[in-house]
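Overview (structure and organization)
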Amino acid sequence: MSSLAKLALLGGEPVAREPWPVSNTIGEEEKQAVCKVLDSGNLSQFRASNGKDFFGGPVVNRLEQEWSEYFQVKHSISMNSLTSGLFACIGAAGIGPGDEVVVTPTTMIASATCIIAYGALPVFADIDHSNFCLSRQTIEPKITSRTKAILVVHLFGYPVNMDEIMRLAAEYGLFVIEDCAQAPSAKFRGQPVGTFGHMGGFSLNYHKTIHCGEGGIVVTNDDDLAQRLQLIRNHGEAIVREMEIPNLVNVFGGNYRMTELEAAIASEQLKKLEWLTQARIELAEYLTERLMLIPNLSLPIVSEPSSRHVYYVYAMGYDAEQWGISRELLVKAINAEGIELRDSYVRPIYLEPMYQQRLAFKGGVPFSSTESSKLIKYDKGICPVAEMVYERRLIFGKFCRWPLTMQHIDQVALAFEKVYEGRKELAGALH
Ligand SMILES: *Cc1c(COP(=O)(O)O)cnc(C)c1O
């Protein structure tokens, strides 16, 4: 047996013998844009008073305009994170105590915490094992007379079927909030995700496809929601009297404002979004072609022809029984080949202690607020697919992004081929 065929975990040569390049999308353009803001001395023009400064400075305003043009929406409201943005969305939708929002348990924690923050309750619907996202089938049984909204997450860059979700929401009179943190410029039937729902949110934190350190943007085509989002971003309760908006006395705000520095970076990053996305898609499609030849991996394939997955991560379903080695061992073996593969994204959110102990605010609020809130379940087992995906099925990696090349993808494919071929030996050696 040649040393390349021998698994690295069993003492063979690893497939990847050199470390992979780091992905850094920040360049001269961002540096110059930041310096220009620094030279101006105006690092944030936001002021919580009636007038044009209520909406921020020139760079923030320009970014919002560019974002609206890019995504073809009426309003873009910048925030200092998408976590802030999601809080603002729940507030703008007027969601509060006694209300329920249907959400996925397989997401970054803030997608659910924003609901709790307003005294409402997340109701977790299960995910589909093929794309790790909610579907109409899983959402509908969770809708009650208290449901106010559906919060959809386009996880890992996968575009959820928004036609189905919007139809369902219209039938029940619900708000739809799209969390597109991992899917900027993903498309469902040719239209960017985030622009189907009443509000859509994007993250610009360091880990996302484009970033400005920390930041977020909420988009909407609804003038009224846009105004509420702007008020919540910037101490709204101090402004409504001056602005003569008597119907919104209950809008209370935070300081969710983005600085001019972050906006300058985000504006340059937005220009790179399309080619960075294209680079991801090219690498991912090639990887799919290669991995298709290996049995018992479920690959991220979008069946809708005009929809596009943007591969924030390349996520797959793994069948340990068919392979004959545990997921843990597979990951170890692939990692030993010099390829970073990971095996568990977040735990289903309801398994976290806040839900298990039903305690967010004093006295168990909001879990114990009303008779109906006491009936909402967070027990292990409520979303069996999400739990199975977390415990056994999901494997993923950040293989598909600039400046990685087809040669790196070849290494990923080779590592999988090697481990697949050597799986029996591996299982035997470690028994
Ligand atoms: C990153 C992320 C968020 C939060 O974004 P921040 O800008 O870091 O607050 C929300 N939802 C999902 C799915 C995310 O991946």
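Residues numbered from 1 in each chain as written. Predicted model: local features only at pLDDT ≥ 70, side-chain atom pairs only at ≥ 80, totals over all residues. Heavy atoms only, no water.

Quick notes on the overall build of the protein chain
Each helix and strand counted, the protein chain has 15 helices and 12 strands in total. For the protein chain, whose C-alpha radius of gyration is 23 Å, the value lies close to the compact-globule estimate of 22 Å for 431 residues. With the principal axes as the frame, the protein chain shows a C-alpha extent of 80 × 60 × 40 Å. Residues counted as buried form 55% of the 431 residues belonging to the protein chain. Working note: accessible area of the protein chain is about 18400 Å², and carbon and sulfur atoms make up 53% of it. (Helix = DSSP H or I, 4+ residues; strand = E, 2+ residues; numbered from the N terminus. Rg over C-alpha atoms; globule rule 2.2 N^0.38 Å. Buried < 20%, exposed > 50% of the residue type's maximum accessible area, 1.4 Å probe, protein only. Areas by Shrake-Rupley, 256 points an atom, 1.4 Å probe, with all protein chains shown as cover.)

Observations concerning unusual backbone geometry
Residue Pro366 is reached from Val365 by a cis peptide bond, and omega for that bond is 0°. If you trace the backbone, Pro366 turns up in the loop between helix 11 (353-356) and helix 12 (371-375). Omega for the bond connecting Trp402 with Pro403 falls within 30 degrees of zero, at 5°, which places this linkage in the cis form. Structurally, the position occupied by Pro403 is in the loop between strand 12 (394-397) and helix 14 (406-421). One non-glycine residue, Phe132, lies in positive phi territory at about 65°. Phe132 gets classed as buried once you look at its relative accessible area, which sits at 5%. Its identity is not glycine, yet Glu244 carries a phi of approximately 55°, on the positive side. For Glu244, a relative accessible area of 69% puts it in the exposed group.

Details of the pattern of salt bridges
In total, this model carries 27 salt bridges according to the counting rule given. Residues Glu28 and Lys31 are paired through a salt bridge, measuring 3.3 Å at the closest nitrogen-oxygen approach. One end of the pair is Glu28 and the other is Lys31, both in helix 1 (residues 28-40) and three residues apart, which spans about a single turn. Owing to a relative accessible area of 45%, Glu28 belongs among the partly exposed residues under this scheme. Notably, a salt bridge pairs Glu171 with Arg136, separated by 3.2 Å at the nearest N-O pair. In this pair, Glu171 is assigned in helix 6 (residues 162-172) and Arg136 in helix 5 (residues 136-139), connecting sequence segments 35 residues apart. Note on Arg136: relative accessible area 16%, which makes it buried. (Salt bridge = Lys/Arg side-chain N within 4 Å of Asp/Glu carboxyl O.)

Some words on the pairing of strand 2 (residues 100-103)
A two-sided burial pattern is seen for strand 2, the buried positions comprising Glu100 and Val102 on one face and Val101 and Val103 on the other. Two strands pair when backbone bridges link them, and strand 2 and strand 3 (residues 121-124) are joined in this way by four bridges, in the parallel orientation. Residue Val102 lies in a different strand from strand 3, and its bridge partner there is Val123. A crossover links strand 2 with its parallel partner strand 3, the connecting element being helix 4 (residues 110-117), and its sense is right-handed. Here strand 2 pairs with strand 4 (residues 147-153) via four bridges, running parallel. From the neighbouring strand, Glu100 faces strand 4, where its bridge partner is Thr147. (Pairing = 2+ DSSP bridges. Right-handed = clockwise from strand over helix to strand, strands pointing away.)

Some remarks on the packing of helix 10 (residues 327-336) against helix 14
Pairs of packed helices are described in terms of their axes, by the angle between the two and the distance that separates them. At a minimum axis distance of 9 Å, the contact between helix 10 and helix 14 shows a crossing angle of 130°. Judged by the inter-axis angle, helix 10 sits oblique to helix 14. Crossing hand, helix 10 versus helix 14: right-handed. Between helix 10 and helix 14, the residues in contact are Leu330, Ala333 and Ile334 and Ala415, Phe416 and Val419, respectively. Here the contact of helix 10 with helix 14 is composed, by residue class, of six nonpolar, no polar and no charged. (Axes fitted to C-alpha atoms, helices over the stretch in contact; angles between N-to-C directions. Parallel < 35°, antiparallel > 145°, perpendicular 65-115°, else oblique. Left-handed = near helix turned anticlockwise from the far one by under 90°. Contact = heavy atoms within 4.5 Å. Nonpolar A, V, L, I, M, F, W, Y, C, P; charged D, E, K, R; others polar.)

What about the nonpolar core?
Counting 78 residues, the largest nonpolar core has Phe124, Met199, Leu229 and Tyr355 as its most contacted members. In terms of residue count, the dominant contributor to this core is helix 3 (residues 82-92) (six residues). With sequence-adjacent residues up to four places away left out, Phe124 is seen in contact with Val103, Thr104, Pro105, Ala112, Lys142, Ile349, Tyr350, Tyr355, Tyr378, Ile382 and Cys383. Judged by nonpolar contacts, the second largest core, of 38 residues, contains Val15, Ala16, Leu330 and Val412. (Core = buried A, V, L, I, M, F, W, Y, C linked by side-chain atoms within 4.5 Å.)

Focus on the sheet that holds strand 4
Taken in spatial order, the seven strands of this open sheet run 1-9-8-5-4-2-3, and their pairing is mixed. Looking along the sheet, the strands with just one partner apiece sit at the ends: strand 1 (75-79) and strand 3. Neighbour to neighbour, the strand axes of the sheet diverge by 25° on average, direction disregarded. Taken strand by strand, helix 4 contacts strand 2, strand 3, strand 4 and strand 5 (175-179), and its axis lies near 140° from that of strand 3.

Nothing here speaks to function; it is all geometry.
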